[in-house]
Number of protein chains: 2
Amino acid sequence: MFSKNFKLGLLGGGQLGRMLLQAAIDLDIHVKALDPDPDAPCAKIAPEFVVGSFLDYDTVYQFGQDCEVITIEIENVNLEALKKLRSEGKKVFPQPEVLEIIQDKRVQKQFYLDNNLPTSDFILTDSVEDISKNLNFLPAFNKLGKGGYDGRGVQKLSSEIDLPLAFTEPSLLEKAIDFDKEIAVIVARNEHGEIKTFPTVECVFHPVYNLVEYLFAPAAVTESIHEEAKQIAIETAEKLGIVGLLAVEMFLTKDGKILINEVAPRTHNSGHHTIRANHTSQFEQHLRAVLGLPLGDTSAHSKAAMVNLLGEDGYTGEAKYVGMNEALAIAGVYPFLYGKKITKPFRKMGHVTVVDENLDSLKEKVNIVKEKLKVIA
Amino acid sequence: MFSKNFKLGLLGGGQLGRMLLQAAIDLDIHVKALDPDPDAPCAKIAPEFVVGSFLDYDTVYQFGQDCEVITIEIENVNLEALKKLRSEGKKVFPQPEVLEIIQDKRVQKQFYLDNNLPTSDFILTDSVEDISKNLNFLPAFNKLGKGGYDGRGVQKLSSEIDLPLAFTEPSLLEKAIDFDKEIAVIVARNEHGEIKTFPTVECVFHPVYNLVEYLFAPAAVTESIHEEAKQIAIETAEKLGIVGLLAVEMFLTKDGKILINEVAPRTHNSGHHTIRANHTSQFEQHLRAVLGLPLGDTSAHSKAAMVNLLGEDGYTGEAKYVGMNEALAIAGVYPFLYGKKITKPFRKMGHVTVVDENLDSLKEKVNIVKEKLKVIA
């Protein structure tokens, strides 16, 4: 693959693709990206950028013609085209069958159950009526089977009063977990079966928007929880048989159990800090995994936090960044801007990685960054 | 500058530019690069790439028209055009006057002398006749005043026998130093006068080609040598008044003295390891410096070595990489390929950063990499 004729196809040209492109430059991997948005974060920096829908069969099939390997940065892509391309000899990682399981949260949950992977109780529902029959299951999260992303497609139902908020499409009711922490492990697996995990991290979600608001790495949990979370991630990757990266989000319950919340078959927000805090970043690791290369050392060289830089509430329009100078003046503060032209409330516009060996000062820096750095219009 | 209208002009589109572009993506800085080679390492990944000569007045002047700030990745550029652009309100960093001193090794040496900066003895020469008058000064290095780069323009003259190798153009004779080590410090200075240095490194040069063959960071020298090298680098940057990065290459003599060998007013081969071993890389630091941003934390989080990946002797043609899988399989080994299509004997085709906390195993990995990883045609 270290040749001028090799091409890696990438479905999606958002921020995850952008950081993948940066890693691909190190190994001189020619990446061709597909995204419907001509102003997508990858548009200006991809060696090749095609405007088109990764959901459309013909577009994806045509796009893949001159690629040796095809990968994704978003899981909602046209799987039929990917299957066709694979049948014609292309390597497609992660495999379409894995995406099929993960694309539909109902199938995903059933997969955990069938494979004895720990997850919270759930009920599949096809209508609001189905939900109203299961009021005793509340409080629960109502999750759309298909099409949810970044906080969309998830609705908390606390009691009967919330029924009007329930999804009318096929969805599931997931028992609300009284958790202590949300933790995540990113695991990589290549086609030779080599597997490596990144250290467990701890995510703090935005109370309203269900987005990672900030993250600490490593998670402040016991060694045995680290080890158990790692084993669950490895087992999930092996049972899926995935080639590529898998981000496994988990709940650590108040009584010390780990339950899988959901997984993403790609680079993930919970691994952004690895660019600055681990020897190998999740982006390089994804490349190594899908290209059949040996996996890199995932160990952390620094303690880190990651703060998502979300579009400030109340502002829509051309993005302006306030507080960059103050942020950059703090030792160990590294902003990553995604190059999105337009900001909207809570849109992911970038993230900030903070490194510091002292946990108190790490938290203090996180608070300063959250307070000073804003995206407005 | 964190706006869609801001443009940073970059003269040169080689590997230094390529790694600068990668760093610029983090801060979403729009970079426009100029290089005469349409296949230059920056060509495919620069948000904007212009084919043209950075030595040509009109080309550089036109190129700079829509840039707010102009910087370089190679020092042999057209200074008149840069001066004109600056007179019209553009920021040009490093400043043309600094480049003027450094472009001509004769002026550079004189600058050290005039500013009491330690350097080896030298004689300015305009002809072979001048050299033959100073045979008692040999063994010495004969260095071309202008136009040398990466080992070209330097010739060792051991005795009268070597006179036919001497340069006929204006050059200098520099007393050969009986040194213990070659060390280097990269220093950054922004327009507000803020200065930061990277830790001292130790360079091992190729015995024939006068290129950095490999490097260890930090240098195995005493704390007081570290401190003295740092102070010399800071003093040199301040006396030059440079805004941007300055790589200061020095000799550590056998009797413990530090002498400046030469400087480069830009990112440098002796700082490539900072991408993987220091919290802020030299490329991000250069951007911060020329953009007037606060400088980043230069401390190292890992011990590192860097091996240049030179085109194998005896091969010219389309580059092929041998041993990539073996190299990537070693923990802490990170190849960086520059995307040059054609390899030539001793052409810089990439580099490999190796990180390891244990010095013995670091050296062992360096030797494996040097043995296994080859660029052939």
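Thresholds, definitions, all that
- Residues numbered from 1 in each chain as written.
- Chains lettered and ligands numbered in written order.
- Predicted model: local features only at pLDDT ≥ 70, side-chain atom pairs only at ≥ 80, totals over all residues.
- Heavy atoms only, no water.
- Least-squares fit on C-alpha atoms with pLDDT ≥ 70 in both.
- Contact = heavy atoms within 4.5 Å.
- UniProt positions renumbered as here; feature names shortened; annotations may be inferred.
- Helix = DSSP H or I, 4+ residues; strand = E, 2+ residues; numbered from the N terminus.
- Buried < 20%, exposed > 50% of the residue type's maximum accessible area, 1.4 Å probe, protein only.
- 1 Å grid on protein atoms, 1.4 Å probe; cavity = no way out; pocket = protein on both sides within 12 Å on 5 of 7 lines; lining within 4 Å.
- Points joined across faces, edges and corners; volume = space filled by probe spheres on them.
- Nonpolar A, V, L, I, M, F, W, Y, C, P; charged D, E, K, R; others polar.
- Polar contact = N/O pair within 3.5 Å; in protein donor to acceptor, adjacent residues only side chain to side chain.
- Salt bridge = Lys/Arg side-chain N within 4 Å of Asp/Glu carboxyl O.
- Domains from an automatic or database assignment.
- Pairing = 2+ DSSP bridges.
- Axes fitted to C-alpha atoms, helices over the stretch in contact; angles between N-to-C directions.
- Phe/Tyr/Trp six-rings, centres within 6.5 Å; stacked < 30°, edge-to-face > 60°.
- Lys NZ or Arg CZ within 6 Å of the ring centre and 35° of its normal.
- Right-handed = clockwise from strand over helix to strand, strands pointing away.
- Parallel < 35°, antiparallel > 145°, perpendicular 65-115°, else oblique.
- Left-handed = near helix turned anticlockwise from the far one by under 90°.

Participant: I would appreciate a short explanation of the relation of the copies chain B and chain A in the present structure.
Facilitator: Its rotation angle being 180°, the transformation that places chain B on chain A also includes 0.0 Å of axial translation and leaves an RMSD of 0.1 Å. Viewed as a symmetry operation, the transformation between the two copies matches a two-fold axis. For chain B, the smallest separation between a C-alpha atom and the rotation axis is recorded for I45 of chain B, amounting to 2.5 Å. Both copies contact each other with a shared surface, as 100% of the interface residues of chain B are interface residues in chain A too.

Participant: What exactly am I supposed to notice about the UniProt feature "binding site: ATP" (unreviewed entry) in chain A here?
Facilitator: Residues and elements named next belong to chain A. Per the UniProt entry, the sites bearing "binding site: ATP" (unreviewed entry) are K105, K143, E174, K175, A176, I177, E182, N261 and E262 in this numbering. Inspection of the secondary structure puts K143 in strand β7 (residues 140-144). Relative accessible area serves as the criterion here: at 5%, K143 is assigned to the buried category. Setting aside residues up to four positions removed in sequence, K143 forms contacts with K105, G153, V154, F167, S171, L172, E174, N261 and E262. Relative accessible area serves as the criterion here: at 28%, K175 is assigned to the partly exposed category.

Participant: It is not clear to me how empty space enclosed by the protein should be interpreted in this structure. Could you clarify?
Facilitator: Left-over empty space is what a probe sized like a water molecule reveals as it rolls over the atoms. According to the stated counting rule, one finds 8 cavities of 30 Å³ or more in the structure shown. The space that makes up the largest cavity amounts to roughly 520 Å³. Lining the largest cavity are 28 residues, with I275 and R276 of chain A together with D26, I275 and R276 of chain B sitting closest to its centre. Each residue belonging to the lining of the largest cavity can be placed in one class, and the counts come to 10 nonpolar, 12 polar and 6 charged.

Participant: What should I look at first to understand the side chain of H351 of chain A in this one?
Facilitator: Residue and element names in this part refer to chain A. Position of H351 relative to the elements: it lies in strand β21 (residues 348-355). Within the structure, the side chain of H351 is placed 2.6 Å from the side chain of Y338, a separation counted as a polar contact. Discounting chain neighbours no more than four positions away, the residues touching H351 are M19, H272, M306, V307, N308, L309, Y334, P335, F336 and Y338.

Participant: Sorry, what's going on with the interface of chain B and chain A here?
Facilitator: How big an interface is tends to be reported as the loss of accessible area on association of its parts. At the interface, 41 residues of chain B touch 41 residues of chain A. Seen at the junction of chain B and chain A, the total is 6 salt bridges. Across the pair D26 of chain A and R276 of chain B runs a salt bridge whose closest N-O atoms are separated by 3.1 Å. Across the chain B-chain A interface, the total number found is 24 residue pairs in polar contact (both at pLDDT 80 or more). For the side of chain B that touches chain A, the secondary structure elements donating two or more residues are α1 (15-26), α9 (282-290), α10 (324-328) and β19 (333-337) of chain B. A class-by-class count of the residues in the side of chain B that touches chain A yields 20 nonpolar, 10 polar and 11 charged.

Participant: When you look at the domain arrangement of chain A in this model, what are you seeing that I'm missing?
Facilitator: When the domains of chain A are assigned, the result is domain 1 (8-92), domain 2 (121-175) and domain 3 (179-376). Centre-to-centre separation of domain 2 of chain A and domain 3 of chain A, based on C-alpha positions: 27 Å.

Participant: Help me understand the sheet that holds strand β6 (residues 122-125) of chain B, please; the structure alone is not making it clear to me.
Facilitator: Each strand in a sheet pairs with another by means of backbone hydrogen bonds, the pair being arranged parallel or else antiparallel. Residues and elements named next belong to chain B. Across the sheet, 4 strands lie side by side as β6-β9-β7-β8; this open sheet has antiparallel pairing. Where the open sheet ends on each side, the last strands, each with one partner, are β6 and β8 (154-157). When strand polarity is set aside, the average angle formed by the axes of neighbouring strands in this sheet is 25°. Here strand β7 (residues 140-144) pairs with β8 via 4 bridges, running antiparallel.

Participant: What is the right way to read the environment of D297 of chain B from this model?
Facilitator: Summarising the element assignment, D297 of chain B is placed in the loop between α9 and β16 (304-310). What makes D297 of chain B partly exposed here is its relative accessible area of 22%. In sequence terms D297 of chain B and T197 of chain B are 100 residues apart; their C-alpha atoms lie 9.2 Å from each other. Look past the residues within four positions of D297 of chain B in its chain and what remains in contact with it is A331, G332 and Y334 of chain A together with H279 and T280 of chain B. Within the structure, the side chain of D297 of chain B is placed 2.9 Å from the backbone nitrogen of S299 of chain B, a separation counted as a polar contact.

Participant: When you look at the environment of P139 of chain A in this model, what are you seeing that I'm missing?
Facilitator: Residue and element names in this part refer to chain A. Structurally, P139 can be placed in the loop between α6 (128-132) and β7. Taking the C-alpha atoms as reference points, P139 and A176, separated by 37 residues in sequence, lie 5.7 Å from one another. In contact with P139, not counting residues within four places along its chain, are K156, L157, S158, K175 and A176.

Participant: Please clarify how the packing of aromatic side chains should be interpreted in this entry.
Facilitator: Evaluated as defined, the whole model comprises 8 aromatic pairs over all chains. An angle of 85° between the planes, with centres 5.9 Å apart, marks the rings of Y214 of chain A and F216 of chain A as edge-to-face. Judged on exposure class, the residue Y214 of chain A and its partner F216 of chain A are both buried. Between F179 of chain B and F251 of chain B the ring centres are 5.0 Å apart and the planes differ by 25°, which places this aromatic pair in the stacked class. Here F251 of chain B lies in strand β14 (residues 244-253) and F179 of chain B lies in strand β10 (residues 179-189), a separation of 72 residues in the sequence. Positioned above the aromatic ring of F137 of chain A is the side chain of K175 of chain A, whose terminal nitrogen or guanidinium carbon lies 4.7 Å from the ring centre. In this arrangement the basic side chain of K32 of chain B is found over the ring face of F63 of chain B, its NZ or CZ atom lying 4.6 Å from the centre.

Participant: What exactly am I supposed to notice about the pairing of strand β4 (residues 69-72) of chain B here?
Facilitator: Look at any regular strand and the pattern is simple: side chains alternate between the two faces of the sheet. Residue and element names in this part refer to chain B. In β4, alternate side chains face the same way, and those of V69 and T71 on one face and I70 and I72 on the other are all buried. For strand β1 (residues 8-11) and β4, the ladder comprises 4 bridges, and the chain directions are parallel. In the sheet register, L11 faces β4, and the bridge partner there is I72. The sheet contact formed by β4 and strand β5 (residues 91-92) spans 2 bridges and is parallel. For I70, the partnering residue across the bridge sits in β5 and is V92. Between β4 and its parallel partner β5, the chain crosses via helix α3 (residues 79-87), and the hand of that crossover is right-handed.

Participant: Honestly, the packing of helix α2 (residues 57-64) of chain B against α3 of chain B in this entry has me stumped. Any pointers?
Facilitator: Relative placement of two packed helices is described by the angle separating their axes and the distance separating the axes. All names here are of chain B. The geometry of α2 relative to α3 is characterised by a closest axis approach of 8 Å and an angle of 30° between their N-to-C directions. Between α2 and α3, the angle is such that the two are roughly parallel. Two packed elements cross with a definite hand, and for α2 against α3 that hand is right-handed. Residue-level contacts link Y57, V60, Y61 and G64 of α2 to E80, A81, L82, K84 and L85 of α3. The class makeup of the residues in the contact of α2 with α3 is 6 nonpolar, 1 polar and 2 charged.

Participant: Where do I start with helix α4 (residues 96-103) of chain A in this structure?
Facilitator: Count 3.6 residues to each turn of an α-helix, and residues three or four apart come out pointing the same way. Taking burial as the measure, the 8 residues of α4 of chain A include 6 buried ones, the bulk of the element. Those residues of α4 of chain A that sit buried are P96, V98, L99, I101, I102 and Q103 of chain A.

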